[in-house]
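# Structural description and commentary
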Amino acid sequence: KLLQERSQTELVIDACLAGMQPLEFKQSNPIRYLSADEYDMEVMTALLGDIHWGKLTPDYNAEVAKKRLEYWASKIVSIAKIHRNAYKLDKLVIVCLGDMADNDMLYPGQTFKVDMPVVAQVFTLMEAMAEQIIRLTGAFPKIEVVCVPGNHGRIDKFAHKRTNWDIVLYMGLEKLLRSYKNV
């Protein structure tokens, strides 16, 4: 049996190698090194997702999530400070990846695994996120926030895909931050 498996493996390897023969690899030109003063500007990207604000476990709740969000913003500033020694870094793009709130009605029993109802999750998270983005306006002349909804934001499996608590959060966040011209 071992001999039979080895023969099959050799056949697969031979077939792969034979399939590669007609491939032509074109020579690429090396990327020219640019000195720091030749750069126009670099953009920093910070990902933010799967916060699950409102989820309740023995070591996680909204207060822990808030502290982590504060730490996230502080680390962005620290990393930007280091990078600014070599690059022109004037813009931050925050990418919100969804599952920001945990919800309270996705699965049976979830209401017992959250520390607040979904509406409170959305609005307390909105305030906490706005606070951290406002903090970051002092460190970046331009901030762009790009958002996608996650599956934990959906209202139920039959609702339209845009009926999503993450979208409510993002729309509210946009209104809270509208007076900040650099966001």
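Everything in this summary refers to the structure shown in the same document. (Residues numbered from 1 in each chain as written. Predicted model: local features only at pLDDT ≥ 70, side-chain atom pairs only at ≥ 80, totals over all residues. Heavy atoms only, no water.)

Okay, the overall build of the protein next. Scanning the protein from N- to C-terminus turns up four helices and three strands. Going residue by residue from the N terminus, the α and β elements of the protein occur as α-β-α-β-α-β-α. Against the compact-globule benchmark of 16 Å for 183 residues, the protein has a radius of gyration of 24 Å, which places it well outside the compact range. Expressed along its principal axes, the backbone C-alpha trace of the protein runs to roughly 60 × 55 × 35 Å. Counting all 183 residues of the protein, 32% fall into the buried class. Counting only contacts in the protein whose residues sit at least 6 apart along the sequence, the fraction spanning at least 24 positions is 76%. If you sum the accessible surface of the protein, you get close to 12500 Å²; carbon and sulfur atoms cover 59% of it. (Helix = DSSP H or I, 4+ residues; strand = E, 2+ residues; numbered from the N terminus. Rg over C-alpha atoms; globule rule 2.2 N^0.38 Å. Buried < 20%, exposed > 50% of the residue type's maximum accessible area, 1.4 Å probe, protein only. Contact = heavy atoms within 4.5 Å. Areas by Shrake-Rupley, 256 points an atom, 1.4 Å probe, with all protein chains shown as cover.)

Moving on, we get to the packing of aromatic side chains. With the rule as written, the count across this model stands at zero aromatic pairs. Between R84 and the ring centre of F140, over which it is positioned, the NZ or CZ distance is 4.8 Å. (Phe/Tyr/Trp six-rings, centres within 6.5 Å; stacked < 30°, edge-to-face > 60°. Lys NZ or Arg CZ within 6 Å of the ring centre and 35° of its normal.)

What follows is about helix α3 (residues 118-137). Taking 1.5 Å per residue as the helical rise, α3 with its 20 residues ought to reach 28 Å, and the 28 Å between its terminal C-alpha atoms agrees with that figure. Taken as a whole, α3 has its buried residues at V118, Q121, V122, L125, M126, A128, M129, A130, Q132, I133, L136 and T137. (Expected span 1.5 Å × (residues − 1).)

Our focus in this paragraph is the state of the cysteines. A complete count under the given rule lists zero disulfides for this structure. We note that C96 lacks a disulfide partner, and the nearest cysteine sulfur, in C147, lies 4.0 Å from it. (Disulfide = S-S within 2.5 Å.)

Together, I13, L17, M20 and L23 make up a nonpolar patch on the protein surface, roughly 380 Å² of accessible area in all. Tracing the backbone through its elements, the reader meets L23 in the loop between α1 (2-20) and β1 (42-48). (Patch = residues over 30% accessible without salt bridge, like charges linked within 9 Å, V, L, I, M, F, W, Y side chains within 5 Å. Salt bridge = Lys/Arg side-chain N within 4 Å of Asp/Glu carboxyl O.)

Moving on to the pairing of β1. Where β1 lies against strand β2 (residues 89-96), seven bridges are found, and the strand directions are parallel. Within β2, the residue paired with L48 across the bridge is C96. Following the backbone out of β1, through helix α2 (residues 62-83) and into the adjacent parallel β2, one traces a crossover that is right-handed. (Pairing = 2+ DSSP bridges. Right-handed = clockwise from strand over helix to strand, strands pointing away.)

Within the fold, W53 resides in the loop between β1 and α2. Along the primary structure W53 and T124 are separated by 71 residues, whereas in three dimensions their C-alpha atoms are 8.7 Å apart. Excluding residues that lie within four positions of it along the chain, W53 makes contacts with A62, A65, K66, M100, A101, D102, M116, Q121, T124, L125 and A128. In terms of polar contacts, W53 uses its side chain to reach the side chain of T124, at 2.8 Å. (Polar contact = N/O pair within 3.5 Å; in protein donor to acceptor, adjacent residues only side chain to side chain.)

The next thing to look at is the sheet that holds β1. Strand order in the open sheet formed by three strands is β1-β2-β3, and the pairing between neighbours is parallel. Each edge of the open sheet is held by one strand with a lone partner, namely β1 and β3 (142-147). The mean inter-strand angle of the sheet, taken between neighbouring strand axes irrespective of direction, is 20 degrees. Where β2 and β3 come together, six bridges link them in parallel fashion. Across the sheet, residue V93 finds its bridge partner in β3, namely E144. (Axes fitted to C-alpha atoms, helices over the stretch in contact; angles between N-to-C directions.)

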